[in-house]
Amino acid sequence: MTYKTKGVCAQAINFEMDDDHKIHNVKFVGGCSGNTQGIASLAEGMDAEEVISRLEGIRCGFKPTSCPDQLSKAIRQALEK
């Protein structure tokens, strides 16, 4: 799945979700490379709901969202399909 982000430096997030709702191959397009690689590595193999519960609502400075929050939104959208 490709998710177009809103309100953050990264332009998009690509990831896969298997039939058991485990998250794999998270790749951010743009954003702070070290941070987005860390988020991607931590989310690898995690249950989708667990990723959402850990990342949802995280803010970046004065922005109302962040790259981790955007990943939670992307995963939620994938679960609704």
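Structure first, text after, so check above.
Reading guide: rules and limits
- Residues numbered from 1 in each chain as written.
- Predicted model: local features only at pLDDT ≥ 70, side-chain atom pairs only at ≥ 80, totals over all residues.
- Heavy atoms only, no water.
- Core = buried A, V, L, I, M, F, W, Y, C linked by side-chain atoms within 4.5 Å.
- Buried < 20%, exposed > 50% of the residue type's maximum accessible area, 1.4 Å probe, protein only.
- Helix = DSSP H or I, 4+ residues; strand = E, 2+ residues; numbered from the N terminus.
- Expected span 1.5 Å × (residues − 1).
- Contact = heavy atoms within 4.5 Å.
- Pairing = 2+ DSSP bridges.
- Axes fitted to C-alpha atoms, helices over the stretch in contact; angles between N-to-C directions.
- Parallel < 35°, antiparallel > 145°, perpendicular 65-115°, else oblique.
- Left-handed = near helix turned anticlockwise from the far one by under 90°.
- Polar contact = N/O pair within 3.5 Å; in protein donor to acceptor, adjacent residues only side chain to side chain.
- Arc of directions from axis to C-beta.

This next bit is on the nonpolar core. Of all hydrophobic cores here, the largest spans 21 residues; its most connected members are Phe15, Ile23, Val26, Phe28, Val51, Leu71 and Ile75. Secondary-structure elements contributing two or more residues to this core are β2 (12-17), β3 (23-29), α1 (33-43), α2 (48-55) and α3 (67-80). The element contributing the most residues to this core is α3, with five residues.

Since the α-helix packs 3.6 residues into each turn, any two residues three or four apart lie on the same face. The end-to-end C-alpha distance of α3, which contains 14 residues, comes to 20 Å, matching closely the 20 Å that a straight helix rising 1.5 Å per residue would cover. Every buried residue of α3 is accounted for by Cys67, Pro68, Asp69, Gln70, Leu71, Ser72, Ala74, Ile75 and Ala78. Where α3 is buried, its residues contact β1 (2-4), β2, β3, α1 and α2.

Take the pairing of β2 next. Inspection of the sheet shows β1 paired to β2 by three bridges, in the antiparallel sense. What sits directly across from Thr2, in β2, is Asn14. Where β2 hands over to β3, the hairpin turn is made up of five residues, of which His21 adopts a positive phi near 65°.

Our focus in this paragraph is the packing of α1 against α3. Orientation of α1 relative to α3, taken along the N-to-C sense of each, is 40°, at an axis distance of 10 Å. Comparing their axes, α3 and α1 come out oblique. Crossing handedness for the pair α1 and α3: right-handed. Along the contact surface, α1 presents Thr36, Ile39 and Ala43, while α3 presents Cys67, Pro68 and Leu71.

This part covers unusual backbone geometry. Phi is positive for His21, close to 65°, though the residue is something other than glycine. As for its position among the elements, His21 is in the loop between β2 and β3.

Before going further, it helps to examine the side chain of Thr5. Note on placement: Thr5 falls in the loop between β1 and β2. Exposure remark for Thr5: the relative accessible area of 14% places this residue in the buried category. From its side chain, Thr5 meets the backbone oxygen of Gln11 in a polar contact 3.2 Å long. Not counting residues up to four positions away in its chain, the partners in contact with Thr5 are Ala10, Gln11, Ala12, Ile13 and Gln70.

Looking now at α1. When we look at burial in α1, the residues that qualify are Thr36, Ile39, Ala40 and Ala43. Projected onto a plane normal to the axis of α1, the buried residues spread over an arc of 100° and lie on a single side. For α1, the exposed residues set more than 90 degrees away from the buried face come down to Gly34, Gln37, Ser41 and Leu42. Next to the buried residues of α1 lie β3, α2 and α3. After α1 finishes, the residue Gly45 shows a positive phi value of roughly 80°.

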